[in-house]
Amino acid sequence: MATKTSSLTLFVSLLLFIGAIFSTHFLYSPFDNFTTGYSPRKTILTPLTRHNRPDATPAVSKQPLKKLEIQLNCTLGNLTRTCPASYYPLKFTEQNEASKSSPLPPTCPDYFRWIYDDLWHWRETGITKEMVMRAKRTADFRLVIVNGRAYVETYHKAFQSRDTFTLWGIVQMLRRYPGKLPDLDLMFDCVDWPVLKTEFYRHPKSPAPPPLFRYCGNDSSLDIVFPDWSFWGWPEINIKPWETLSKDLKKGNEKIKWTDREPYAYWKGNPVVAETRRDLLKCNVSEKQDWNARVYAQDWAQEEKQGYKKSDLASQCIHRYKIYVEGSAWSVSEKYILACDSVTLLIKPQYYDFYTRGLMPLQHYWPIKDKDKCRSIKHAVDWGNTHEQEAQAIGKAASDFIQEQLKMDYVYDYMFHLLSEYAKLLKYKPTVPRKAVELCSEAMACPAEGLTKKFMLESMVEGPSDAIPCNMPPPFGPAGLHSILDRKENSIKQVDSWEQQYWKNKSKQQRIF
């Protein structure tokens, strides 16, 4: 009898063991069997469903959702710049369900409010297809997004890789927020300076301005400002993607305390591109005069030959003060300078990019005169060296702004909100242009080579974000906007007053001696 009981027990145990192995097989997501870039080690696990019996013990506990990561699929077909039939799902039910129970997203930084201002000119007329096509005159490419997929029609090859990495950034934003962006149709100009002059559209009978995206604007133009290509890398001069470089800059700040840094103002760049930069070279130290500036001309051709050994941005945070001066228009160097913990001496700019309108003089930077650079720089450095605590606070506020409010999360959110608000203004349904080609990570990264490929892989979004975009703040009211502009103007006037008094005192001292 004992033998029969033991045999029966053994038989039942064997059946349960086999059943457990068989059941475990079905825990894996059906994505495991696809070949569209999903990794079997990085799929979402789904628990088995059981009948609701009070005396039953769950065989499998509910497991937390794992972040879905979309692998790059460089198959032979994708090497010919084609996109997989389904390179990312348009909806992630599991991710969306998870976000419902997560904390509310933060409010976007204040500089997001300028999105409303940049699109203000079309608030009443909306945007027609005819308006969009009128922007083709100077555009480098036309971007169309339909049903979450991106298409581009190229008109001109932009300088270096500006267009390539701008489009790469947009594709990554679509990977981050799949299926969330409305259909849209836009023109993009990768040249530095804005072209839509406000004066041409002021007359009541003037046509509505054509909407045109670019990297910077000024007070006399209507161009729509968009994050620049360098956030995803600038291979021609070996500048890493911002996600990596911002961390390097933060580590570079920690190497030398502000008080131990060289007590001078530093600038290094290409002076050929603008008269204002050539003028800055006059402020360098000489046998006759020391303006407290250490200014160097950068020869990028020579630097490339030497392997970029002297252009590492994270190693240039060794001066108490760093100078920002525009090039032919705005310069991407501004964020690297502001991130350095040094006091940014910002020579009066004519242009702005998408985030710099959120900066405040005497809080994030020290304003420098454009027409009297050398004297203005000398005063700023002398002031900072005699007001060390206040100077350090300005440098720290700027680097905190860059590290916290210009992290890639917010760059992608700015792109998302700007394009979403723009799409709302369209008065027609976008369709894919006949000559357009589809864009995706595979079509761009797989055939790429060298630093271009390296930077693309380094900046590639791994999968859908766990969080939804930050909440847009309300637009500026007239009183709020005037308050900000008045505060900026008053701060600059305050510095001008200090500077005038400084040179009066210098003049008195020279007469005495």
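Residues numbered from 1 in each chain as written. Predicted model: local features only at pLDDT ≥ 70, side-chain atom pairs only at ≥ 80, totals over all residues. Heavy atoms only, no water.

Observations concerning the overall build of the protein chain
A tally of regular secondary structure across the protein chain gives 15 helices and eleven strands. Split into buried and exposed, the 513 residues of the protein chain put 49% on the buried side. A sequence separation of at least 24 residues applies to 76% of the contacts in the protein chain between residues at least 6 apart. On the protein chain, roughly 26700 Å² of surface is accessible, and the fraction owed to carbon and sulfur atoms is 55%. (Helix = DSSP H or I, 4+ residues; strand = E, 2+ residues; numbered from the N terminus. Buried < 20%, exposed > 50% of the residue type's maximum accessible area, 1.4 Å probe, protein only. Contact = heavy atoms within 4.5 Å. Areas by Shrake-Rupley, 256 points an atom, 1.4 Å probe, with all protein chains shown as cover.)

Some remarks on the side chain of K488
Tracing the chain through its elements places K488 in helix α15 (residues 478–512). Buried and without a salt bridge, K488 has D219 as its closest oppositely charged side chain, separated by 8.8 Å. For K488, the residues in contact, after removing those within four places along its chain, are R357, L359, M360 and P361. (Lys, Arg positive; Asp, Glu negative; His and termini not counted. Salt bridge = Lys/Arg side-chain N within 4 Å of Asp/Glu carboxyl O.)

Side note on the state of the cysteines
Under the defined criterion, the tally for this structure stands at five disulfides. With a sulfur-sulfur separation of 2.1 Å, C74 is cross-linked through a disulfide to C446. Judged by the sign of its S-S torsion, about -90°, the cystine formed by C74 and C446 is left-handed. Placement of C74 in the loop between α1 (2–24) and α2 (93–100) and of C446 in the loop between α13 (441–445) and α14 (450–459) is noted, with a sequence separation of 372 residues between them. (Disulfide = S-S within 2.5 Å.)

Thoughts on the sheet that holds strand β10 (residues 366–368)
Ordered in space as β7-β6-β8-β9-β10, the five strands form an open sheet in which the pairing is parallel. Each edge of the open sheet is held by one strand with a lone partner, namely β7 (293–297) and β10. For this sheet, the mean inter-axis angle between neighbouring strands, taken without regard to orientation, is 25°. Relative to β7, strand β6 (residues 262–269) runs parallel, the two sharing five bridges. Along β7, the bridge assignment pairs K268 with Y296. Contacts from helix α10 (residues 373–386) reach β6, β7, β8 (319–324), β9 (343–347) and β10 within the one sheet, and its direction differs from that of β10 by about 160°. (Pairing = 2+ DSSP bridges. Axes fitted to C-alpha atoms, helices over the stretch in contact; angles between N-to-C directions.)

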